[in-house]
Amino acid sequence: MGTPNIDFVIEELIRTRRTHKAYGPDPVPRETLLELFELARWAPNHHVTNPWRFRVIGPQALTTLKEAAEANTPGSASKLDRAPTLVAVSVKQTGDAEQDHEDLLATAVAAYIVLLGAHARGLAAYWRTVPFLDALGLPADEQPIGLLYLGTPRQEQRVPERAPVEEIAFFLD
């Protein structure tokens, strides 16, 4: 068990993290991104395959993504301008269905760790699944997971409604 203060901090971070879609103009510093990716390495991962991949989108890659977004859904490229820092998340796959499923789930957890770590640093974040990340030229053995938007928040977000725990948790005999 952790200490009461640490437990409270972790619980508070989980309960107060929000999806943001309005950001200040400054990109997230490289050092901060590296800290977040280092945290993500600690996601639980069966067989310790470290399947997660994080690609910080630069100007040329952003142009490529915008072209792919427009081809996929006309008018959608502007959504890629919401945040000053974008990170493409993908999962390295092995070809073994069971391992690939486990690695996909582990990569989703790693992405959430990035979001939570960003929140702990006062950053805003947003996880968006998009159908056009293949445009980045990912290796054949990687599957795109989503795009993380990161930056400084420009506004407070409302607390979303959540189902009561009694509706989502079950104790089986």
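Relevant structure appears above.
Residues numbered from 1 in each chain as written. Predicted model: local features only at pLDDT ≥ 70, side-chain atom pairs only at ≥ 80, totals over all residues. Heavy atoms only, no water.

Asks: What's the story with the overall build of the chain in this structure? I'm lost.
Replies: Looking only at helices and strands, the chain has five helices and four strands in total. Along the chain, helices (α) and strands (β) appear in the sequence α-α-β-α-β-α-β-β-α when read from the amino end. Expected size for 173 residues packed as a compact globule is a radius of gyration near 16 Å; at 17 Å, the chain falls within 12% of this value. When the backbone C-alpha atoms are referred to their principal axes, the chain occupies close to 50 × 45 × 35 Å. Burial status across the chain gives 36% buried among its 173 residues. Put simply, of all contacts in the chain between residues at least 6 apart along the chain, 77% involve residues at least 24 apart. As presented, the chain carries roughly 10800 Å² of accessible surface, and 57% of it is formed by carbon and sulfur atoms. The average position of the 17 basic charges and that of the 23 acidic charges among the side chains of the chain differ by 8 Å. (Helix = DSSP H or I, 4+ residues; strand = E, 2+ residues; numbered from the N terminus. Rg over C-alpha atoms; globule rule 2.2 N^0.38 Å. Buried < 20%, exposed > 50% of the residue type's maximum accessible area, 1.4 Å probe, protein only. Contact = heavy atoms within 4.5 Å. Areas by Shrake-Rupley, 256 points an atom, 1.4 Å probe, with all protein chains shown as cover. Lys, Arg positive; Asp, Glu negative; His and termini not counted. Charge placed at Lys NZ, Arg CZ, Asp CG, Glu CD.)

Asks: Would you mind going over the nonpolar core with me for this structure?
Replies: In a soluble, globular protein the nonpolar side chains are often hidden away together inside. Ranked by internal contacts, the top residues of the largest apolar core, which has 22 residues, are Phe54, Val87, Val114, Leu148 and Leu150. Examining the composition of this core, we find that six residues originate from one element, helix 4 (residues 97-120), more than from any other. Beyond its immediate sequence surroundings of up to four residues, Leu148 is in contact with Thr85, Leu86, Val87, Val89, Ala111, Val114, Leu115, Tyr126 and Trp127. Core analysis: the next-biggest nonpolar cluster, separate from the first, contains 17 residues, Ala83, Leu86, Tyr126 and Tyr149 among them. (Core = buried A, V, L, I, M, F, W, Y, C linked by side-chain atoms within 4.5 Å.)

Asks: In this structure, what is going on with the pattern of salt bridges? I would like to understand it.
Replies: Note that side chains of opposite charge can pair when their charged atoms are close. One pass over the full model with this rule turns up six salt bridges. Across the salt bridge formed by Lys66 and Asp81, the nearest N and O atoms sit 2.6 Å from each other. Placement of Lys66 in helix 3 (residues 59-72) and of Asp81 in the loop between helix 3 and strand 2 (85-92) is noted, with a sequence separation of 15 residues between them. Judged by its relative accessible area of 25%, Lys66 falls in the partly exposed class. Residue Lys92 is joined to Asp141 by a salt bridge in which the shortest nitrogen-to-oxygen separation is 2.3 Å. Separated by 49 residues along the polypeptide, Lys92 in strand 2 and Asp141 in the loop between strand 3 (124-128) and strand 4 (142-151) bring together distant segments of the chain. Judged by its relative accessible area of 32%, Lys92 falls in the partly exposed class. Residue Asp141 is classed as partly exposed on the basis of its relative accessible area of 28%. (Salt bridge = Lys/Arg side-chain N within 4 Å of Asp/Glu carboxyl O.)

Asks: Explanation requested: the sheet that holds strand 2 in the structure shown.
Replies: In any sheet, the strands associate via hydrogen bonds between backbone groups, in a parallel or an antiparallel arrangement. As summarised here, the arrangement of the four strands in space is 1-2-4-3, forming an open sheet in which the pairing is antiparallel. Looking along the sheet, the strands with just one partner apiece sit at the ends: strand 1 (52-56) and strand 3. Put simply, the sheet's adjacent strands are angled 25° from each other on average, direction ignored. Relative to strand 4, strand 2 is paired through eight bridges, and the arrangement is antiparallel. (Pairing = 2+ DSSP bridges. Axes fitted to C-alpha atoms, helices over the stretch in contact; angles between N-to-C directions.)

Asks: I would appreciate a short explanation of the packing of aromatic side chains in the present structure.
Replies: Aromatic rings considered in pairs are described by the distance between their centres and by the relative angle of their planes. What the rule picks out here adds up to two aromatic pairs. For the pair Phe37 and Phe54, a centre-to-centre distance of 5.0 Å together with 15° between the ring planes defines the contact as stacked. Of the two residues, Phe37 is situated in helix 2 (residues 30-40) and Phe54 in strand 1; the sequence distance between them amounts to 17 residues. Per residue, the accessibility class of Phe37 equals that of Phe54, and both read buried. (Phe/Tyr/Trp six-rings, centres within 6.5 Å; stacked < 30°, edge-to-face > 60°.)

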